[in-house]
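A look at the structure
The primary structure of each chain is shown beneath.
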Amino acid sequence: MRTIAHLDLDAFYVSVELLRRPELRGLPVVVAGTGPRAVVTTASYEAREFGVGSATPASRARRLCPDAVFVPPDFDAYRGVSRQVMDRVRATVPTVEVAGLDEAYLDLSDLVAPHAAMRRLIAEIRDATGLGCSVGVGPSKLVAKVASDADKPRGFVVLSREEACARFAAAPPGLLPGVGPKTAERLDGMGIGTIAALAGASPDALAERFGARLGPYLAHRARFEDDAPVTSVRIAVSESRETTFDRDIAALAEMEEVLERLTGRLCEALVRQDRRGRTIGIKVRLDDFSTHTRARTLPRAVNAAAEVGAVARELLREFAPPRPVRLLGVRVASFDAAAADATPQLALPL
Ligand code: TTP
Ligand code: MG
């Protein structure tokens, strides 16, 4: 029997902002970009009361909560704090799988008093960084993940598999990681609107609707059956290639040639690793040493040089470097979970 914890920081980006602007504590605070199509990345719990959440368009968030304080994202700061937290987690527990900037799975199976160890770790993180987190503990990553989300903020929820089944029986299947919005919609179309209904659904009907792999997988998820290991291997969240020129380049055609070469090298590696990403980015450093990045997220993941290259070229043309360029880079991120993770469950075409 394994003991696995999932640790997730509460309102992460907002909480980092509050560390340096404590006067905003208790107010509705929203971290969002500034462009016309910007969306909210994080809303403080005060702002969530107004119906503002992750992915709410910023314009709508302003309407829903006109008094909210809007803060632009500062990813360097979030990465720095994340590293601090994860270093502390790794110092306590040997097997840690960092699943995102603000979340990690911890294998506590070998600890004598896992719950006490987690309580101590939570207190340490709070003392060292000022951040609160929520923790779920269970026999699998699946139970731990859902449990960590069940009593936010500052939750501490311990559940067996059976308890998870009972507690979330009436919740919609979309609550389960691995059941995306499209799958949830298709389930709904079959009259399956709860986790309990999915757990008890006819295996044949599921297989017929979702195929021989995804069908049974969904039923397993609904019964909170999951034996995926906690793997410490770090999966790179992005891959990039860049080059600094011997002499600055001013001609766009020349830049495009370089970009194409870099894209070729990057995509060759991605194809070899069978990894595809949805976000394509470029990096441009001008002769005044200012560095500029531009990125676009596609509806589906790609790794073909032609596709990545077309987007990179477009981004470069749109940016239209106003000065000679000394460095160019291309980046692919937002990798498909399917190929990024070697565990058989996640290798499904979800
Ligand atoms: P979450 O852990 O999903 O959210 P959260 O930490 O803000 O809030 P909660 O207390 O409910 O855990 O995501 C972590 C960070 O990832 C979040 O602070 C901002 C970022 N994020 C986005 O940029 N876009 C998104 O759609 C989501 C869900 C998160
Ligand atoms: Mg979080």
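Because the structure is predicted, anything quoted here is derived from the model rather than measured.

Now for the sheet that holds strand β5 (residues 96-100). On the basis of which strands lie adjacent, the open sheet formed by five strands has the order β5-β6-β1-β7-β8 and mixed pairing. Pairing within the sheet leaves two strands with one partner each, and these edge strands are β5 and β8 (156-158). Neighbour-to-neighbour, the strand axes of this sheet turn through a mean angle of 15°, independent of strand direction. Sheet topology places strand β7 (residues 133-138) next to β8; three bridges connect them, and they run parallel. If you follow V135 over to β8, its bridge partner there is F156. Sheet strands touched by helix α4 (residues 75-92): β1 (4-9), β5 and β6 (103-107). Its angle to β5, the strand with the most contacts, is close to 160°. The strands touched by helix α6 (residues 141-148) within the sheet are β1, β5, β6, β7 and β8, with β7 carrying the most contacts at an inclination of about 145°.

Glancing now at the coordination of the magnesium ion (ligand 2). Looking at the magnesium ion (ligand 2), the protein donor atoms are D8 (OD), L9 (O) and D102 (OD), and they sit 2.0 to 2.2 Å from it. Here the magnesium ion (ligand 2) binds six donor atoms, and the angle range of 83 to 176° at the metal identifies the geometry as octahedral. All donor residues of the magnesium ion (ligand 2) come from one chain, and their arrangement in sequence is D-L-x92-D. With a gap of 94 residues between them, D8 in strand β1 and D102 in the loop between β5 and β6 connect regions that are remote in the sequence.

Attention now goes to the site of ligand 1. What surrounds ligand 1 is a group of 13 residues, the closest being A11, T42, Y45, R48 and D102. Between ligand 1 and D8 there is a distance of 3.0 Å, counted from an oxygen atom to a side-chain nitrogen or oxygen. A distance of 2.8 Å is found between an oxygen atom of ligand 1 and a side-chain nitrogen or oxygen belonging to R48. In isolation ligand 1 offers 550 Å² of accessible surface; the protein chains occlude 67% of this area. Of all the secondary-structure elements, those providing two or more residues to the shell around ligand 1 are β1, α1 (12-20), β3 (40-43) and α2 (45-48). Taken together, the residues that form the shell around ligand 1 break down as five nonpolar, three polar and five charged. Both of domain 1 (4-12 + 76-164) and domain 2 (14-73) provide at least three residues apiece to the shell around ligand 1.

This next bit is on the domain arrangement of the chain. The domains assigned to the chain are domain 1 (4-12 + 76-164), domain 2 (14-73), domain 3 (170-222) and domain 4 (238-342). Between domain 1 and domain 3, the C-alpha centre-to-centre distance is 28 Å.

What follows deals with the sheet that holds strand β4 (residues 69-71). Taking strand neighbours across the sheet as the criterion, the three strands line up as β3-β2-β4 in an open arrangement whose pairing is mixed. Strands with a single pairing partner mark the edges of an open sheet, and in this sheet they are β3 and β4. Here the strands of the sheet are splayed against their neighbours by 25° on average, with no regard to which way each runs. Relative to β3, strand β2 (residues 29-32) runs antiparallel, the two being bridged by three bridges. By the bridge assignment, V31 is partnered in β3 with T42.

We now examine helix α11 (residues 252-273). Taking 1.5 Å of rise per residue, the 22 residues of α11 would be expected to cover 32 Å, and the 31 Å separating its terminal C-alpha atoms lies within 8% of that figure. Within the sequence span of α11, burial applies to M255, E256, V258, L259, L262, T263, L266, C267, A269 and L270. Seen along its axis, α11 keeps its buried residues to an arc of 165°; they face one direction. Those residues of α11 that are exposed and aimed more than 90 degrees away from the buried face are A253, E257, E260, R261, E268 and R272. Its buried side turned inward, α11 meets β9 (238-249), β10 (277-286), α12 (305-319) and β12 (325-335). Just beyond α11, the residue with positive phi is D274, at close to 55°.

Reading guide: rules and limits
- Residues numbered from 1 in each chain as written.
- Chains lettered and ligands numbered in written order.
- Predicted model: local features only at pLDDT ≥ 70, side-chain atom pairs only at ≥ 80, totals over all residues.
- Heavy atoms only, no water.
- Pairing = 2+ DSSP bridges.
- Helix = DSSP H or I, 4+ residues; strand = E, 2+ residues; numbered from the N terminus.
- Axes fitted to C-alpha atoms, helices over the stretch in contact; angles between N-to-C directions.
- Contact = heavy atoms within 4.5 Å.
- Donors = N, O, S within 2.8 Å, 3.2 Å for Na, K, Ca; no water.
- Tetrahedral: all angles 85-135°; square planar, octahedral: opposite > 155°, others 65-115°.
- Near = heavy atom within 4 Å.
- Polar contact = N/O pair within 3.5 Å; in protein donor to acceptor, adjacent residues only side chain to side chain.
- Areas by Shrake-Rupley, 256 points an atom, 1.4 Å probe, with all protein chains shown as cover.
- Nonpolar A, V, L, I, M, F, W, Y, C, P; charged D, E, K, R; others polar.
- Domains from an automatic or database assignment.
- Expected span 1.5 Å × (residues − 1).
- Buried < 20%, exposed > 50% of the residue type's maximum accessible area, 1.4 Å probe, protein only.
- Arc of directions from axis to C-beta.

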